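Understanding the architecture of this molecule
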Amino acid sequence: MKLVRARLARASLVGAVLGSLLLGGTVQRVAAASCIPTGAQDRDGTPLTARVVNPSKPVTGRIDARGCEVGIYFSRGTSGLVVGAEIFGARYYGVLVDGNGHDVAADVRGSSIHDIGETPITSDRHGQGIAYRGFEGGTARGTALGNRVWNYQEAGLNMTGPGTTATFVGNVVQGRGKTDVISQNGIQVIFGAHGVVRANAISDLRFLGPNVGNGILVVGGPAYGFPYTRDARLEANVITGADVGINIFEAEEDFSPSPQPTRIVVAHNVIHNGAWTNHEGWDVGVGMQVGIADYANSDVIRGNVVSGIGYHAETCGDAGVCTQILTDDSIDPFVSGNVLR
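Below is a short write-up of the structure. (Residues numbered from 1 in each chain as written. Predicted model: local features only at pLDDT ≥ 70, side-chain atom pairs only at ≥ 80, totals over all residues. Heavy atoms only, no water.)

Attention now goes to the pattern of salt bridges. Tallying each qualifying case throughout the model produces 11 salt bridges. Among the ionic pairs, D98 bridges to R133, the shortest N-O distance being 2.9 Å. Here the residue D98 occupies a position in strand β7 (residues 93-98), and R133 occupies one in strand β10 (residues 128-133), the gap between them amounting to 35 residues. Taken individually, D98 and R133 each receive the classification buried, so the pair is uniform in this respect. Of the charged contacts in the structure, one is a salt bridge between R233 and E235, with a shortest N-O distance of 2.7 Å. (Salt bridge = Lys/Arg side-chain N within 4 Å of Asp/Glu carboxyl O. Helix = DSSP H or I, 4+ residues; strand = E, 2+ residues; numbered from the N terminus. Buried < 20%, exposed > 50% of the residue type's maximum accessible area, 1.4 Å probe, protein only.)

Structure follows, in structure tokens:
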């Protein structure tokens, strides 16, 4: 029950949240301009405006999105590309590939996305660098490759919804470090999304309040009112300075683990935490720092390296739950060949 209560508390950190697109023609350079209505809303009901909407050519250059909810917005019927851009200043999303109710595809490559969220940041669960969403029977597809994301509010990269199929490869995601304002996540694969997260560098996700910062977060199931997230592959990522390196939580309405196999593969990741900073994330007055936390069904955890005193039980003592791999109450996890230091 203690584990379930703790997982329930941490569940609040999630909002109701390869193939490349080869496009010819000249690139579209966009300077600061007015915000354009997209006709879409965010999950909190906010109408979304964007600096760039459904560009007909690849977008590069400097995108100043101050005053808008979105930097670059892709929607119905679009096949798009962002390459070599610098995107900053939007309140909700740097890039949003919006497949809610329709089909869309876009890639984001070699771009810098920063300062996405409120100024100063708040505890509101928005402010994502690159996001793919696919609900209401629609689909969102694409690859985020070789981007750098920093100074965001909620999540660096996000894929959400059963209609989303995305690949995040070779990105650098840097959180804000120690903060008591919002529990940040590096990469989210949530609410039924189909995803591959490979060879990303994720760092500096330390929350000082009653929650945890996660390097990679995977969640789904009736506990959230959304489908389970299944068959995601989290491979060869390097995660440093996160309260929880990889956190998987797939649950029924009563917060029991998924009765259905979720088959998340967590393989060959390198996860390190060299300090004890989280003092409230497990329960009231009890911190949590875990390399890999799994609460699901038939997930595979193999060949990972988890290290650092921040994940050692003797570091936290009775003041926290600290361990390299936590699979308590997970159903039939396969754990093999991991190196724990």
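That covers the picture; the talk isn't over yet.
Going through the model one piece at a time under the given rule, you end up with 2 disulfides. The disulfide bridge from C35 ends at C68, spanning 2.0 Å between sulfur atoms. An S-S torsion of about -95 degrees defines the bridge between C35 and C68 as left-handed. Taken together, the residues span a long stretch of sequence, with C35 in the loop between β1 (28-29) and β2 (36-41) and C68 in the loop between β4 (59-64) and β5 (70-74) at a distance of 33 residues. There is a disulfide in this structure between C316 and C322, and the S-S distance comes to 1.6 Å. Torsion about the S-S bond of the C316 and C322 cystine: about -65 degrees, corresponding to left-handed handedness. When its relative accessible area of 6% is taken as the criterion, C316 is described as buried. In the chain, the bonded cysteines, taken in the order they occur along the sequence, pair up as 1-2, 3-4. (Disulfide = S-S within 2.5 Å.)

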